[in-house]
Amino acid sequence: MIGIIFSNNLNTCPYIDKYVDTFERLGVAYDVILWNREQIEVNYPSNYKVYNMPSDVYGAKWKKIRGFYGFRKFIINSIRTEKYEKLIFLTTFTALMCYGLTQRKYANKFIFDFRDLGFEYNRLYRNCVKKIIDKSYFTCMSSPGFASVFQLKNYVMAHNFRYKDLSDQINHIKEKSGQIVLLHIGITRGEAYNKRLADIFGGDERFVVYIIGSGNDTKTFMSYVEQYSNIVVQGRYDKDDKAELIAKADMLLYYYPSDFNCNRALANKYYDGLIYKKPLIGNINTYSGKRLQSKGLGISIDLSDNKVADKIYSYFEKLDQRDFLDSAKKELDRVIKEDKVYIKKMEDFALGSGKSIY
């Protein structure tokens, strides 16, 4: 049996579907060990082991220590009880919680699914993570930008999209109709970012801006945007409504701040643009911003530029729809081809065929 471990609610982990769908298709037994941090009521299947303890994802780090300690005990007890043959660590923290197991008992018997950088700028931390990578059956990463931090040549690219979303794929661009509808969908990027969006687009009748996702609907920000009729804010949304929400937009806001992690990340929104054929608005100072602009998938800007609204308006008005659709299709085809390699490695791991790439 395989144990899949994740340290949060599953609504923040759409990529777990690839593991679950693959193992269900192959008839491979598995458990999911997860932490219900947001205390969301869900009727999980019997093979889902849930650690129920509230923890504010956006709170101070020191306040999370007790919760992480408890979740680690929960993981270790589950592994001892179920005696899993193999493990899958979704994100770095889950692997670090089981560091000793990765180096000994489960060496070359686990997948390390790397999705975000944390404290890898610290050499000791980075070396610790590198040791986990070296002992994995394979390590997959959601951005080539992450691999450069570890100077990796052997890793598997794991793209941040769900195959079930391809069934909702759109092959045309939404017809222009009056105001340009911009959408930020997903976990909050913070109040500073949201307020900057409000300052740029609030009151500009050329645009309507929707800011939707967990953590966006803070009282202070909701109060801040009351003065603007063209900015709509909503908190958590049902993932089943995602396609409908995106369909109403003209462009997607994929502007991640310039920091150690976001400079190198390639997030879900990149794939939303490809699947739903929405031009993206990125940060020119990040890997994703440079990538999407070079591939003809949108425009990348700097939010400190006071002419941002004019540049976005000009881009959209002059957009060659045929060129954009061709670029999006070409990139999506390449992404799917790469992701099939990831799925094949996953199958080999589950069925015991093949060898570690290390």
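Above this text you will find the structure in question.
The following paragraphs examine the structure supplied in this document. Just so it is clear, the structure is predicted and the values come from calculations on it, not from any experiment. (Residues numbered from 1 in each chain as written. Predicted model: local features only at pLDDT ≥ 70, side-chain atom pairs only at ≥ 80, totals over all residues. Heavy atoms only, no water.)

**Observations regarding helix H10 (residues 268–276)**
Among the nine residues that make up H10, eight are buried, leaving the element largely enclosed by the rest of the structure. Every buried residue of H10 is listed here: Lys269, Tyr270, Tyr271, Asp272, Gly273, Leu274, Ile275 and Tyr276. Once H10 ends, the next one or two residues include Lys277, with phi positive near 55°. (Buried < 20%, exposed > 50% of the residue type's maximum accessible area, 1.4 Å probe, protein only. Helix = DSSP H or I, 4+ residues; strand = E, 2+ residues; numbered from the N terminus.)

**Considerations on the pairing of strand S1 (residues 2–6)**
A large share of S1 lies buried, amounting to five of its five residues. Residues Ile2, Ile4 and Phe6 line one face of S1 and the alternating positions Gly3 and Ile5 line the opposite face, and both faces are buried. Where the polypeptide runs from S1 across helix H1 (residues 16–26) and back to strand S2 (residues 30–36), its parallel neighbour, the crossover connection is right-handed. In this structure, S1 lies alongside strand S4 (residues 86–90), joined through five bridges in parallel fashion. Its bridge partner lying in S4, Ile5 is registered against Phe89. (Right-handed = clockwise from strand over helix to strand, strands pointing away. Pairing = 2+ DSSP bridges.)

**What to know about the pairing of strand S11 (residues 251–254)**
Covered by surrounding structure in S11 are Met251 and Leu253 together with Leu252 and Tyr254, the residues of both alternating faces. As defined by bridge partners, strand S8 (residues 180–185) adjoins S11 across two bridges and the pair is classed as parallel. For Leu182, the partnering residue across the bridge sits in S11 and is Met251. As judged from the three bridges shared by S11 and strand S12 (residues 280–283), these two strands associate in the parallel manner. Across the sheet, the residue bridging to Tyr254 is Gly282, located in S12. In this fold, the crossover linking S11 to S12 by way of H10 has right-handed handedness.

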